[in-house]
Amino acid sequence: MSSTSIDTAVISSIPTSTPTFTTIPIGATVGGVVGGLVGLGILTILFIVWLRRRRPPPLQLPPNPIPLTYDPNYVQPLDKTSRLAQIIDEKEALKRQRDEFQTEVESLRLRESSRYRSSGINDTLSGSGPAERLIEPL
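Residues numbered from 1 in each chain as written. Predicted model: local features only at pLDDT ≥ 70, side-chain atom pairs only at ≥ 80, totals over all residues. Heavy atoms only, no water.

**Student:** Which residues make up the overall build of the protein, and what are the values?
**Tutor:** Check the secondary structure of the protein and you find four helices and zero strands. Starting at the N terminus and walking to the C terminus, you meet the elements of the protein as α-α-α-α. When each of the 138 residues of the protein is scored for burial, the buried share is 5%. Total accessible area on the protein is roughly 13300 Å²; 64% of this is exposed by carbon and sulfur atoms. (Helix = DSSP H or I, 4+ residues; strand = E, 2+ residues; numbered from the N terminus. Buried < 20%, exposed > 50% of the residue type's maximum accessible area, 1.4 Å probe, protein only. Areas by Shrake-Rupley, 256 points an atom, 1.4 Å probe, with all protein chains shown as cover.)

**Student:** Explain the pattern of salt bridges residue by residue, including any values.
**Tutor:** Going through the model one piece at a time under the given rule, you end up with two salt bridges. In this structure, R98 and D99 form a salt bridge, with 3.7 Å as the shortest nitrogen-oxygen distance. Accessibility expressed as a relative area gives 43% for R98, which makes it partly exposed. Residue classification places D99 among the partly exposed positions, given a relative accessible area of 34%. In this structure, E106 and R109 form a salt bridge, with 3.8 Å as the shortest nitrogen-oxygen distance. One end of the pair is E106 and the other is R109, both in helix α3 (residues 80–119) and three residues apart, which spans about a single turn. The exposure class assigned to E106 is partly exposed, which follows from its relative accessible area of 44%. (Salt bridge = Lys/Arg side-chain N within 4 Å of Asp/Glu carboxyl O.)

**Student:** Quick one: what's the story with the packing of aromatic side chains, residue by residue and with numbers?
**Tutor:** Each aromatic ring pair is summarised here by two numbers: the centre-to-centre distance and the angle between the ring planes. Counting across every chain of the model gives one aromatic pair. Centroid distance F47 to W50: 6.0 Å. Interplanar angle 35°. Geometry classified as tilted. Here the residue F47 and the residue W50 both occupy positions in helix α2 (residues 26–54), the gap between them amounting to three residues, near one helical turn. Classification of F47 as partly exposed rests on a relative accessible area of 47%. (Phe/Tyr/Trp six-rings, centres within 6.5 Å; stacked < 30°, edge-to-face > 60°.)

**Student:** Report on a nonpolar patch on the surface, specifying residues and quantitative values.
**Tutor:** Where nonpolar side chains cluster on the molecular surface, the patch consists of I26, V30, V33, V34, L37, V38, L40, I42, L43 and L46 and spans about 990 Å² of accessible area. Tracing the sequence through the fold places V38 in helix α2. (Patch = residues over 30% accessible without salt bridge, like charges linked within 9 Å, V, L, I, M, F, W, Y side chains within 5 Å.)

Okay, here's the thing in structure tokens:
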């Protein structure tokens, strides 16, 4: 087929009558846009009112604040760091007491063993001496 026969076929298929234009209703379009904007405005106002009602009211101070009374016998409570230092000091004091007690027990054992040696008794300690009596409460 040649290009001239295609052109004539396309031209013959186009209707010869004048096309009619459809008009868009401008009033309806403007009304829809304005109505949508008004609706969005109403929704925005309702949302703001809802948020304000949800929020708790601000804290209000009493009109006349009550003054605190002065107490000369008030003692400041210990803070945690000083309490911790106090506990550590008590623990160290108890450790020193324990060490002193252990040295006292050892000295008693040495005295008893030297007494047994001097008296000629070769038996081991029977567990009834003063050193054993001191160890029992531990």
